[in-house]
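Topology and contacts: notes
Spelled out from the first residue to the last, the chains are:
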Amino acid sequence: IYSMPPHSSPIVSQKNKNRVEAKAQALLVDSPFTRREGETLHSSYTYRRNALARDAATGALKVTPQIHDFRFRTNLKPTRTGVMLVGLGGNNGSTALGAIIANRHGMSWRSRDGTHTANYFGSVTQAATVHLGWDGAEQVYVPFNDILPILSPSDLIVDGWDINGANLYEAMLRSKVFEPTLIDQLRPHMEGIVPKPSIYYPDFIASNQSDRANNLIAGSSKSAHLTRIREDIREFKQKHELDTVIVLWTANTERFTDVRAGLNMTADEILAAIERNEEEVSPSNVFAIASILEGAHYINGSPQNTLVPGIVQLAKKHNVFVGGDDFKSGQTKIKSALVDFLVSSGLKPESIVSYNHLGNNDGKNLSEQRQFRSKEISKASVVDDMVAANHILYPDGKGPDHCIVIKYVPFVGDSKRAMDEYTCSIFMGGKQTISMHNTCEDSLLASPLIYDLAILTELSARIQYSSDGGVTYQPFHEVLSLLSIFLKAPVVPEGTPVGNAFMRQFSALTKLFTAVAGISSDSDLQLEFFSKLPAGKSVGSAAPLTPKTPVQTVADEALPGLV
């Protein structure tokens with residue numbers, strides 16, 4: 001029997017900024033398939049799946065249920081973590097850091113709608129709950145961050161780069177995301193923060209961005225740029241005594257880069273391409289490579305194809321995670337849930353028309369065709385797996401007509417307007433049309449995704465698994481596809497399918513972490529509601545965790561909550 005150690009939800013006093021109050025957890029796990037040794041949690045999990053094959057003679061689908069025994073080893077102590085944002089001075093960067101500071105100081109502010117208090121709404125790790133089952137009186141849900149010890153966004157140390165040299169107070173004024181009364185409170189904390197100089201290759205982003213580019217690393221040598229970015233990461237890690245660094249791209253959408261042999265198909269190729277100053281090496285390629293070479297994880301929050309095969313190979317070589325692409329925050333998040341609902345209901349979406357206009361710098365950059373094309377590709381692919389899931393509705397595999405339009409309208413600023421029309425074929429030749437208007441405050445929806453991507457990357461780095469009974473352990477695949485729920489066009493390990501359906505992504509994420517914690521992940525089936533439940537047992541089918549040799553643990557009093 002063990003309980004999770006308290007996770008920290010820091011509230012930093014204005015009188016003493018070093019004082020941290022931690023929220024105590026109240027989750028006790030009683031299982032023979034978990035064992036705690038100091039700050040390490042060992043758990044075993046039986047993964048049930050179906051092996052599928054077509055009979056060569058009849059074409060019948062043969063289903064063979066299989067079980068696979070996994071063991072997990074998790075460091076329960078979150079690491080001291082820093083996040084470096086590429087695009088720190090943009091709307092997302094200034095909003096993400098400003099909100100962390102507002103939460104640390106418990107800020108509240110007035111608007112014409114009343115008084116508001118800083119929160120982390122929109123973050124799965126901080127504001128979502130996980131269903132554990134029925135206790136005989138009610139359905140029981142626990143906060144996501146009670147399942148395993150994870151960081152709070154308030155724990156994150158943030159810095160980064162931007163091609164524009166405005167300090168972050170000026171960036172907040174320019175972005176017009178926060179209310180003026182909150183900006184005034186944040187001013188003394190943000191005014192002294194100036195982004196580090198960044199790199200600017202005009203061919204990759206829209207020409208209308210040139211007037212912002214006043215904070216640049218000198219010279220045109222991509223090798224020198226790589227060296228400078230690596231130095232920045234190294235200095236950041238040393239200055240703040242960090243265990244983990246995550247570099248996250250939240251800057252302008254780039255055009256797609258070529259992917260070809262001799263350029264970026266292998267790690268050696270792309271490193272050589274930088275040395276010879278190859279034009280097709282993008283700024284995001286340089287940041288990704290610098291991160292990997294410094295042992296920092298890299299997340300691509302924009303739609304361009306940064307994670308070319310050579311960069312993925314380099315990540316594997318250096319044992320770091322990469323993830324992407326493109327934050328899934330508003331219109332596309334709704335689409336990934338709604339289309340799954342329609343197809344799962346047996347309705348056939350025939351036409352999806354998605355229009356949106358916005359007035360922030362993202363919209364300005366996307367007003368040029370090559371950058372818009374990157375965004376169009378990431379948005380268009382979101383329904384593909386849902387179409388492929390139902391060959392009754394789509395026997396030829398051809399999905400619905402899917403049209404995407406983005407327009408730049410400066411007046412609306414960060415308050416993006418999204419209008420969608422879904423037309424479905426229904427029963428007996430009928431049609432159903434769903435029209436939706438969605439006002440998305442762009443950066444207030446995207447910033448919580450930045451936190452979640454960083455927090456779950458840090459947690460994943462503390463988990464190792466064994467598929468040979470605990471003899472050897474290894475980390476998850478270097479392409480961290482479990483982050484897919486936060487991304488429009490998930491990058492996945494080679495040979496594995498892309499999944500975009502939102503609730504399937506959420507279920508996969510929560511089932512993984514409950515399994516790692518030693519908690520049953522089949523709680524939604526709830527057979528007890530429509531059958532006579534057999535006598536309960538506290539023992540599952542997985543082999544109990546019994547060490548091959550006696551394990552010396554620290555005294556019980558040193559482990560809060562350990563029984």
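Refer to the preceding data block for the structure.
Everything numeric here is computed off the predicted structure, so don't read it as measured data.

The next subject is the overall build of the chain. Per the secondary structure count, the chain includes 14 helices and 20 strands. Taking all 563 residues of the chain together, 52% fall into the buried category. Of the roughly 26,000 Å² that the chain leaves accessible, carbon and sulfur atoms contribute 53%.

The next thing to look at is the nonpolar core. Of all hydrophobic cores here, the largest spans 69 residues; its most connected members are Ile 147, Leu 186, Phe 486 and Phe 513. Of all the elements in the fold, those that place two or more residues in this core are strand S6 (81-86), helix H1 (91-104), helix H3 (168-175), helix H4 (180-190), strand S13 (244-249), helix H13 (442-460), strand S20 (463-466) and helix H14 (502-516). Those residues within four positions of Leu 186 in sequence are excluded, and the remaining contacts are Gly 98, Ile 101, Ala 102, Met 107, Met 172 and Phe 178. Within the second largest apolar cluster, 41 residues are counted, among which are Phe 236, Trp 249, Leu 293 and Leu 314.

Time to look at the sheet that holds strand S18 (residues 415-425). Spatial ordering of the open sheet is given by S17-S16-S18-S19, a layout of four strands whose pairing is mixed. Both edges of this open sheet fall to strand S17 (401-408) and strand S19 (431-441), since each of them pairs with a single strand only. Pairs of neighbouring strands in the sheet enclose a mean axial angle of 10 degrees, with direction left out of account. Two elements, strand S16 (residues 348-358) and S18, share nine bridges in a ladder whose sense is antiparallel. The residue of S18 that forms the bridge with Pro 349 is Cys 424. Against the sheet, helix H9 (residues 331-344) makes contact with S16, S17, S18 and S19, and its axis sits at roughly 170 degrees relative to S16, the strand it touches most. The sheet contacts of H13 involve S16, S18 and S19, and relative to S19 the element is tilted by about 85 degrees.

The next thing to look at is the pattern of salt bridges. Scanning the entire structure with this criterion turns up 18 salt bridges. In this structure, Asp 232 and Arg 228 form a salt bridge, with 3.5 Å as the shortest nitrogen-oxygen distance. Here Arg 228 and Asp 232 lie together in helix H5 (residues 222-239), a separation of four residues that amounts to about one turn.

Turning to the packing of helix H6 (residues 267-275) against helix H7 (residues 283-293), a few remarks are in order. Here H6 crosses H7 at 115 degrees, and the two axes come no closer than 12 Å. Along this stretch, H6 crosses H7, giving a crossing that reads as left-handed. Two secondary-structure elements touch here, H6 through Ile 270, Leu 271 and Ile 274 and H7 through Asn 285, Ile 289 and Leu 293. When grouped by side-chain class, the residues that make up the contact of H6 with H7 number five nonpolar, one polar and no charged.

Time to look at the environment of Ile 193. Within the fold, Ile 193 resides in the loop between H4 and strand S12 (196-197). Overall, the relative accessible area of 25% leaves Ile 193 in the partly exposed class. In this structure the C-alpha to C-alpha distance between Ile 193 and Gly 160, which are 33 residues apart in sequence, comes to 9.9 Å. Setting aside anything within four residues of it in sequence, one finds Ile 193 in contact with Leu 97, Asn 167 and Leu 168.

Pairing is antiparallel in the open sheet, where four strands are placed in the order S3-S4-S5-S20. The sheet is open, and its two borders are formed by strand S3 (34-37) and S20, each paired with just one other strand. Strand-to-strand, the axes of this sheet are offset by a mean angle of 35 degrees, without reference to chain direction. In this structure, S3 lies alongside strand S4 (residues 40-54), joined through four bridges in antiparallel fashion.

To continue, consider the environment of Ile 205. Locating Ile 205 in the fold gives a position in the loop between S12 and H5. Judged by its relative accessible area of 9%, Ile 205 falls in the buried class. Separated by 49 residues in sequence, Ile 205 and Glu 254 place their C-alpha atoms 5.0 Å apart.

A separate point is the packing of aromatic side chains. Here the structure, examined in full by the defined rule, presents nine aromatic pairs. Aromatic side chains Phe 70 and Phe 72 sit 6.1 Å apart centroid to centroid with 10 degrees between the ring planes, which places their arrangement in the stacked category. On the accessibility criterion, Phe 70 (23% relative accessible area) is partly exposed. Residue classification places Phe 72 among the buried residues on the basis of a relative accessible area of 4%. Through a chain of ring-to-ring contacts, three or more aromatic side chains come together here, namely Tyr 47, Phe 70, Phe 72, Tyr 465 and Phe 476.

With that settled, the discussion passes to the pairing of strand S9 (residues 129-134). The sheet contact formed by S9 and strand S10 (residues 139-143) spans five bridges and is antiparallel. Residue pairing across strands places Thr 129 opposite Pro 143, the latter belonging to S10. In sequence, S9 turns back onto S10 through a hairpin of four residues, with Gly 136 there showing a positive phi of about 100 degrees.

A word on unusual backbone geometry. A cis geometry characterises the amide bond from Gly 324 onward to Asp 325, with omega recorded as 5 degrees. With respect to the helices and strands, the residue Asp 325 is situated in the loop between strand S15 (322-324) and H9. Positioned with a positive phi, Met 428 is a non-glycine residue whose angle comes to about 55 degrees. By relative accessible area, Met 428 is classed as exposed at 71%.

Mapped onto the fold, Thr 514 is located in helix H14. In terms of polar contacts, Thr 514 uses its side chain to reach the backbone carbonyl oxygen of Lys 511, at 3.1 Å. If sequence neighbours within four positions are ignored, Thr 514 has contacts with Val 130, Leu 132, Ile 147, Ile 519, Ser 520 and Ser 521.

Glancing now at the side chain of His 225. Within the secondary structure, His 225 sits in helix H5. Taking the relative accessible area as the measure of exposure, His 225 reaches 3% and is therefore buried. Once residues within four sequence positions are removed from consideration, His 225 is found in contact with Ile 199, Tyr 201, Ile 217, Ala 218, Gly 219, Ser 220 and Val 286.

What follows deals with a nonpolar patch on the surface. On the surface, Trp 134, Leu 525, Leu 527, Phe 529, Phe 530 and Leu 533 cluster together into a nonpolar patch covering about 650 Å² of accessible area. Summarising the element assignment, Phe 529 is placed in the segment after H14. Exposure remark for Phe 529: the relative accessible area of 44% places this residue in the partly exposed category.

For H14, spanning 15 residues, the distance from its first C-alpha to its last is 22 Å, which sits close to the expected 21 Å at 1.5 Å a residue. Within the sequence span of H14, burial applies to Phe 502, Gln 505, Phe 506, Leu 509, Thr 510, Phe 513, Thr 514, Ala 515 and Val 516. Downstream of H14 by one or two residues, Gly 518 has phi in the positive range, about 85 degrees.

Viewed as axis vectors pointing N to C, H3 and H4 meet at an angle of 150 degrees, and their least axial separation amounts to 8 Å. Looking at the two axes, H3 sits roughly antiparallel to H4. Residues Leu 168, Tyr 169, Met 172 and Leu 173 of H3 form the contact with H4, whose own contacting residues are Ile 183, Leu 186, Arg 187 and Met 190. When its residues are assigned to classes, the contact of H3 with H4 shows seven nonpolar, no polar and one charged.

Analysis parameters
- Residues numbered from 1 in each chain as written.
- Predicted model: local features only at pLDDT ≥ 70, side-chain atom pairs only at ≥ 80, totals over all residues.
- Heavy atoms only, no water.
- Helix = DSSP H or I, 4+ residues; strand = E, 2+ residues; numbered from the N terminus.
- Buried < 20%, exposed > 50% of the residue type's maximum accessible area, 1.4 Å probe, protein only.
- Areas by Shrake-Rupley, 256 points an atom, 1.4 Å probe, with all protein chains shown as cover.
- Core = buried A, V, L, I, M, F, W, Y, C linked by side-chain atoms within 4.5 Å.
- Contact = heavy atoms within 4.5 Å.
- Pairing = 2+ DSSP bridges.
- Axes fitted to C-alpha atoms, helices over the stretch in contact; angles between N-to-C directions.
- Salt bridge = Lys/Arg side-chain N within 4 Å of Asp/Glu carboxyl O.
- Left-handed = near helix turned anticlockwise from the far one by under 90°.
- Nonpolar A, V, L, I, M, F, W, Y, C, P; charged D, E, K, R; others polar.
- Phe/Tyr/Trp six-rings, centres within 6.5 Å; stacked < 30°, edge-to-face > 60°.
- Polar contact = N/O pair within 3.5 Å; in protein donor to acceptor, adjacent residues only side chain to side chain.
- Patch = residues over 30% accessible without salt bridge, like charges linked within 9 Å, V, L, I, M, F, W, Y side chains within 5 Å.
- Expected span 1.5 Å × (residues − 1).
- Parallel < 35°, antiparallel > 145°, perpendicular 65-115°, else oblique.

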